[in-house]
Amino acid sequence: MAVSTRIVRNLYRDSVSLMQLSDALSKRAGIAEISAVMATATNLDLLREAKLLESAVNAGPNDLLIIARGDKAAVDAALDEAEASLTRVPVAGGDGAGPVEKKLPRSLATAVAERPSANLVLISTPGDYAAAEARKALNLGLNVMVFSDNVGLASEIALKRLADERELLVMGPDCGTAIIGGVPLGFANVVRRGAVGVVGASGTGMQQVTCLVDRLGAGISHAIGTGGRDLHHHIGGASMLRGLSLLAADKETRVIVLVSKPPAPEVAETVLAAAAKAGKPVVVNFLGADPATIKGRNLHAAATIEDAAHAAVALLKGRKPRAVSRTPAARRVAFKPTQRYVRGLYSGGTFGYEATLLLGAKLGAIRSNVAVRETDEDDDPWTSRGHTVVDLGDDVFTRGRPHPMIDHRLRNERLAKEAADPETAVILLDVVLGHGAHADPASVMAPAIQAAHETARRAGRRIAIVGFVCGTTGDPQGLKKQEDALRKAGLILCASNAEAVRLVARLVPRAKAAARPGRTKSKTKGRGR
């Protein structure tokens, strides 16, 4: 099997477009693995850890590196196609004489000069350089969304202090999702405009809230991401406080939703005090936090992301919010005595955390790399033991490969492994649609779901595969098309993550035990998806 590399000098592309390119080329016959990345020291180390890069390369952080493993002819053809795709000159419509080359701005200052009305810049450079670009943007009077991760804590503190001085907003670093004025940024869904504003330290948490609000017939004014560390005591909730202030002053926003894992106690106190003064109803979903601690004028605690969306829409309609308890009917599965465990395979980190939290309250200990209790933290996320929930978007799984929202191969492999395990009773999945996600996830997931059922049947067992689709009818993948294909393949489809978890807890063939006491913690890795 051949391994070859290609270096494109002085060419930058953002991580999402490179992940999508890698995913598309990985489907070619004869390609075992392929990765396109900026040749930063961090990325080179990740490629070495993934065993894709075994020798030195003459490439620097301004260069784009493409590396592939597979049959020699297939590898060469894939590298040629990747380079051609990356170096293709953008064109714009001309005066009728044919396409003309589109000249792209070479600096932030040039871009601002070309678009003087712009007030937001999205930064998706390697983390080593993102802080410097964000500082330039703030000094030019622009709000900033920093999609990049691997930005140091000191740099984040400095950026948010500068933004506060200039009365500007910094979303991130490590902010993967936002919807500003109806425009989806990063990993985000197509939702209708409306009167619900969202501020969140969780990408998939915000996606779930905005999608459910859309499905319930309401809409989103703005969804403001903060980055996963914003509510830590070092940062103090700077971006959440700024976002809350902006939505409180926004005439289109009538209800505000806050979404996060539990903040540091002193930060929670500050945020809740500000929310109580917003002059509008504020729904607070701090996953795992005691609802009794969320008190104040106009504050409404929500235990789940699903509850938060329903509460926001109820408040818009002048109704009192109520917790959602609906669980879809599902035929009981005749499990074998050995089949006792749930295996959750998530692409969204917050979905995995919420599942771990809710399942733990019903089933006891849940091993996870996004564990709610430190005692349940999984020291080997590659192998399931007992009840296990894994966030496959965690750094340990994405080294040298695209995020599982884009590339479903790793999850499909894990799905096959869990189906072959005689202890597996129920497999729990999320499917995320929207911009940045796989163009047709059902096309690659449905065959894997069918194969998993067949694996169990050949062994004389049956399994239940339960999941939900986070998406809207406006998403490019087509919500109905995705749900229909997944349901036909054998997925028991639910409306939300919380609903799926409630159903799973009902299906698991063992006595339900009370959760063991322990200390809840907030853990943020990767993009907090």
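Residues numbered from 1 in each chain as written. Predicted model: local features only at pLDDT ≥ 70, side-chain atom pairs only at ≥ 80, totals over all residues. Heavy atoms only, no water.

Colleague: Before we move on, can you summarise the overall build of the protein with the specific residues and values?
Modeller: If you tally the helices and strands in the protein, you get 16 helices and 21 strands. Relative to a compact globule of 529 residues, whose C-alpha radius of gyration would be 24 Å, the protein shows 23 Å and is just as compact. Dimensions of the protein along its principal axes, counting C-alpha atoms only, are 65 × 60 × 45 Å. Every one of the 529 residues in the protein was classed for burial, and the buried ones make up 55%. For the protein, the exposed area adds up to about 22100 Å²; of that, 52% sits on carbon and sulfur atoms. Taking the 70 positively charged and 54 negatively charged side chains of the protein as two groups, their mean positions are separated by 6 Å. (Helix = DSSP H or I, 4+ residues; strand = E, 2+ residues; numbered from the N terminus. Rg over C-alpha atoms; globule rule 2.2 N^0.38 Å. Buried < 20%, exposed > 50% of the residue type's maximum accessible area, 1.4 Å probe, protein only. Areas by Shrake-Rupley, 256 points an atom, 1.4 Å probe, with all protein chains shown as cover. Lys, Arg positive; Asp, Glu negative; His and termini not counted. Charge placed at Lys NZ, Arg CZ, Asp CG, Glu CD.)

Colleague: Go over the packing of helix α7 (residues 203–215) against helix α10 (residues 305–316) with me, naming the residues and quoting the values.
Modeller: Viewed as axis vectors pointing N to C, α7 and α10 meet at an angle of 40°, and their least axial separation amounts to 9 Å. By the angle class used here, α7 and α10 are oblique. Read as a crossing pair, α7 and α10 show a hand that is right-handed. Taking contact as the criterion, the partners of G205, Q208, V209, L212 and V213 in α7 are, on α10, I305, E306, A308, A309 and V313. Taken together, the residues of the contact of α7 with α10 break down into seven nonpolar, two polar and one charged. (Axes fitted to C-alpha atoms, helices over the stretch in contact; angles between N-to-C directions. Parallel < 35°, antiparallel > 145°, perpendicular 65-115°, else oblique. Left-handed = near helix turned anticlockwise from the far one by under 90°. Contact = heavy atoms within 4.5 Å. Nonpolar A, V, L, I, M, F, W, Y, C, P; charged D, E, K, R; others polar.)

Colleague: For unusual backbone geometry, give the residues involved together with the corresponding values.
Modeller: A cis amide bond links G172 with the next residue in sequence, P173, at an omega value of 5°. For P173, the position within the fold is in the loop between β8 (170–171) and β9 (177–180). We note that E167 has phi near 55°; this positive angle belongs to a residue other than glycine. Note that E167 resides in the loop between α6 (153–165) and β8. Residue classification places E167 among the exposed residues on the basis of a relative accessible area of 64%. Phi at N298 takes a positive value of approximately 70°, unusual for a residue other than glycine. Tracing the sequence through the fold places N298 in the loop between β14 (282–286) and β15 (299–301).

Colleague: Residues and numbers for the environment of F286, please.
Modeller: Mapped onto the elements, F286 comes out in strand β14. Look at F286 and you get buried, because its relative accessible area is 4%. Filtering out sequence-adjacent residues up to four positions away, F286 remains in contact with L258, S260, P262, P263, A268, V271, L272 and I294.

Colleague: Which residues make up the pattern of salt bridges, and what values go with them?
Modeller: Proximity of charged atoms lets side chains of opposite charge pair with each other. One pass over the full model with this rule turns up 32 salt bridges. Residues D76 and K72 are paired through a salt bridge, measuring 2.6 Å at the closest nitrogen-oxygen approach. Of the two residues, D76 and K72 are both situated in helix α3 (residues 72–87); the distance of four residues between them amounts to about one turn of the helix. Ionic contacts of the salt-bridge type, sharing partners, join the residues E156, K160, R229 and D230 into one network. (Salt bridge = Lys/Arg side-chain N within 4 Å of Asp/Glu carboxyl O.)

Colleague: Could you give an account of α7, naming the residues involved and the relevant values?
Modeller: With 13 residues, α7 ought to run about 18 Å at 1.5 Å a step, and its terminal C-alpha atoms sit 18 Å apart, in line with that. Taken across its 13 residues, α7 has twelve buried, putting it largely inside the fold. Of the positions making up α7, those classed as buried are G203, T204, G205, M206, Q207, Q208, V209, T210, C211, L212, V213 and D214. Taking the backbone nitrogen of G205 as reference, a side-chain oxygen 2.8 Å away marks S202 as the first, capping residue of α7. The positive-phi residue at the C-terminal boundary of α7 is G217, with phi of around 95°. (Expected span 1.5 Å × (residues − 1). Polar contact = N/O pair within 3.5 Å; in protein donor to acceptor, adjacent residues only side chain to side chain.)

Colleague: How would you explain the sheet that holds strand β19 (residues 424–432) if you had to name every residue and give the values?
Modeller: The six strands are arranged β17-β18-β16-β19-β20-β21 in an open sheet whose pairing can be described as parallel. The open sheet has two edge strands with one neighbour each: β17 (367–368) and β21 (492–494). Pairing of strand β16 (residues 341–346) with strand β18 (residues 388–391) involves four bridges; the strand directions are parallel. Residue pairing for β18: R343 is matched across the bridge by T388. Against the sheet, α7 touches β19 and β20 (464–470), its axis set at about 80° to β20. Helix-sheet contacts for helix α14 (residues 441–458) involve β19 and β20, and the interaxial angle to β19 is about 175°. (Pairing = 2+ DSSP bridges.)

Colleague: Would you mind going over the pairing of strand β6 (residues 120–123) in detail, with residue names and values included?
Modeller: Only one face of β6 is buried: it carries V121 and I123, and the other face, with L120 and L122, is open. Here four bridges tie β6 to strand β7 (residues 143–146), and the two strands are oriented parallel to one another. Each bridged residue has a counterpart across the sheet, and for V121 the counterpart in β7 is V144.

Colleague: Quick rundown of the packing of helix α11 (residues 349–363) against helix α16 (residues 497–507)? Include the residues and the values.
Modeller: For any two helices packed against each other, the geometry is given by the interaxial angle and the distance between the axes. For the pair α11 and α16, the least separation of the axes is 10 Å and the interaxial angle reads 35°. The element α11 and its partner α16 pack so that their crossing is right-handed. Where α11 approaches α16, its residues F351, E354, A355, L358, L359 and K362 are matched on the opposing element by N497, A498, V501, V504 and A505. Considered class by class, the residues forming the contact of α11 with α16 number eight nonpolar, one polar and two charged.

Colleague: Describe the sheet that holds β6, naming the residues involved and giving the relevant values.
Modeller: In spatial order, the strands read β6-β7-β8; together these three strands make up an open sheet with parallel pairing. Of all strands in the sheet, those bounded by a partner on one side alone are β6 and β8. With two bridges connecting them, β7 and β8 associate as parallel partners. Paired with V144 across the bridge in β8 is V170. In the packing of helix α5 (residues 127–139) onto the sheet, contacts are made with β6, β7 and β8, and the angle to β7 comes to roughly 165°.

Colleague: Can you lay out the side chain of S239 for me, pointing to particular residues and giving the numbers?
Modeller: Relative to the elements of secondary structure, S239 occurs in helix α8 (residues 238–249). Given a relative accessible area of 3%, S239 falls into the buried group. If we ignore the near neighbours within four places in the chain, the residues touching S239 are K160, L169, V170, G172, T226 and D230.

Colleague: Talk me through the confidence of the model for the protein; I want residue IDs and the actual numbers.
Modeller: Averaged over every residue, the pLDDT of the protein is 90; residues scoring 70 or more account for 93%. In this model residues 511–527 is a low-confidence stretch, pLDDT under 50, and it forms 48 contacts with partners more than four residues away in sequence or in other chains. (pLDDT = per-residue confidence, 0-100.)

Colleague: Any chance you could break down the pairing of β19 for me, citing the residues and the numbers?
Modeller: Within β19, nine of the nine residues are buried, which leaves it mostly tucked inside the rest of the structure. Relative to β19, β16 runs parallel, the two being bridged by five bridges. Bridge assignment links R343 to a residue of β19, and that residue is I427. Pairing of β19 with β20, which is carried by seven bridges, proceeds in the parallel orientation. Bridged to D430 within β20 is F468.

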